[in-house]
Amino acid sequence: MTDITTQTQAQVALVTGAAQGLGFHIASRLHAAGYRVAVSDINVEAAALAARELDPSGETVMAVALNVASRADFEQALAAVTERFGSLQVLVNNAAVTRATPVMAIGLDEFNEVVNINLGGTFAGCQVMGSYMAEQGYGRIINMASLAGQNGGTSTGAHYAASKGGILTLTKVFAKELASKGVTVNAVAPGPIDSPMVKALVPAERLPGLLAAIPVGELGDANFIGDMVVQLASPQARFTTGTTWDVNGGLFMR
Ligand SMILES: NC(=O)c1ccc[n+]([C@@H]2O[C@H](COP(=O)([O-])OP(=O)(O)OC[C@H]3O[C@@H](n4cnc5c(N)ncnc54)[C@H](O)[C@@H]3O)[C@@H](O)[C@H]2O)c1
């Protein structure tokens, strides 16, 4: 029998919101590291395109429809992945939305929608996939948080920042719950990364101002975020749980 705790070649990873942006880079780096990857997204057509880009043969990558606001979608995705690839060892809770609405103008519906997707989605993912991993006696969960969850954010919106702060706390809660079952739960907190989300939030004319405010003077690299996730996903990362790994160009130091 293959020992899944030492061989990443035999392992399977699911990334949420992986059709574009950081999620796609994370899926790509996990695939390059030898994982079979489920590229999941609310936009299943885009997920299918992304999956084909990673492996045109379709042998080592599958596309999955998964709206993280739906617990039933996580259950169906888990069933689809385990049927196709036999098991699941790694979950990356990456999907998120942001709305750049000023705090005093955010309606309760908008607030709840953003928190439900970002924080509720991470909660559902940790619960559904975490239960399965605990039964298997092994797993790695990586939650995408944000600098906004640590410093209150700048252009990203209060609901986004609050949801990301909540993810840092949920990461600790699930890490404590699952530590004795061989399942680690960690978070990555990026500052502004060279990505479609940052380009959408920051108009070109404001970019020089943003760069000037970042101590290292440049945006972060999405592939490096992917490599951090690969490291947290590895069997050797077993002594690291409940942590948040910062990658923010020096914008927030602690
Ligand atoms: N880009 C950055 O600079 C940055 C900085 C800090 C944190 N982050 C975090 O990294 C993660 C990825 O960010 P990004 O910039 O790549 O975002 P993005 O907007 O480029 O991509 C998000 C993906 O999630 C999908 N998605 C949206 N709602 C969904 C839902 N309900 N269910 C499933 N999928 C859904 C979208 O279709 C899209 O493919 C997010 O958690 C974000 O908060 C990004």
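Residues numbered from 1 in each chain as written. Predicted model: local features only at pLDDT ≥ 70, side-chain atom pairs only at ≥ 80, totals over all residues. Heavy atoms only, no water.

(A) Inspection of the site of the ligand at higher detail. Around the ligand lies a shell of 27 residues, among which Q20, L22, D41, N94 and Y160 are the nearest. A distance of 3.0 Å separates a nitrogen atom of the ligand from a polar atom in the backbone of V68. Look at the ligand: alone it shows 830 Å² of surface, and the protein chains cover 91% of it. Taken atom by atom, the bulk of the ligand overlaps the largest pocket. Within the residue set of the shell around the ligand, elements represented by two or more residues are α1 (21–32), α6 (158–178) and α7 (196–201). Each residue belonging to the shell around the ligand can be placed in one class, and the counts come to 17 nonpolar, 8 polar and 2 charged. (Near = heavy atom within 4 Å. Polar contact = N/O pair within 3.5 Å; in protein donor to acceptor, adjacent residues only side chain to side chain. Areas by Shrake-Rupley, 256 points an atom, 1.4 Å probe, with all protein chains shown as cover. 1 Å grid on protein atoms, 1.4 Å probe; cavity = no way out; pocket = protein on both sides within 12 Å on 5 of 7 lines; lining within 4 Å. Sits in = over half its atoms within 2 Å of the grid points. Helix = DSSP H or I, 4+ residues; strand = E, 2+ residues; numbered from the N terminus. Nonpolar A, V, L, I, M, F, W, Y, C, P; charged D, E, K, R; others polar.)

(B) Expanded view of the confidence of the model for the protein chain. For the protein chain, the mean per-residue pLDDT works out to 95, and 96% of the residues sit at or above 70. α7 is the least confidently modelled element of the protein chain, averaging 88 in pLDDT, while strand β4 (residues 90–93) averages 99, the highest of any element. (pLDDT = per-residue confidence, 0-100.)

(C) The arrangement of the environment of E218 in detail. One can find E218 in the loop between α8 (207–213) and α9 (222–233). What makes E218 exposed here is its relative accessible area of 51%. Considering only alpha carbons, one finds E218 and G249, 31 residues apart in sequence, at a separation of 7.4 Å. (Buried < 20%, exposed > 50% of the residue type's maximum accessible area, 1.4 Å probe, protein only.)

(D) Quick look at the layout of surface pockets. What the largest pocket holds in volume is close to 1,100 Å³. As for the largest pocket, its lining consists of 44 residues, and the residues nearest its centre are A96, Y160, S195, M197 and V198. Contributing elements (two or more residues each) for the lining of the largest pocket: α1, α5 (148–151), α6, α7 and α8. No other element matches α7, which puts 4 residues into the lining of the largest pocket. (Points joined across faces, edges and corners; volume = space filled by probe spheres on them.)

(E) Broad picture of the nonpolar core. In terms of nonpolar packing, the biggest core is built from 30 residues, with I26, L30, V39, V188 and I225 touching the most fellow members. Elements supplying a minimum of two residues to this core: β1 (12–15), α1, β2 (36–41), α2 (44–54), β4, β5 (139–144) and α9. The greatest single-element share of this core, amounting to 7 residues, is contributed by α9. Among all residues touching V39, those that are not within four sequence positions of it are V15, A18, A19, A27, A47, A50, A51, L54, V61, M62, A63 and V64. Residues L14, M62, V68 and A95 belong to the second largest nonpolar core, which totals 29 residues. (Core = buried A, V, L, I, M, F, W, Y, C linked by side-chain atoms within 4.5 Å. Contact = heavy atoms within 4.5 Å.)

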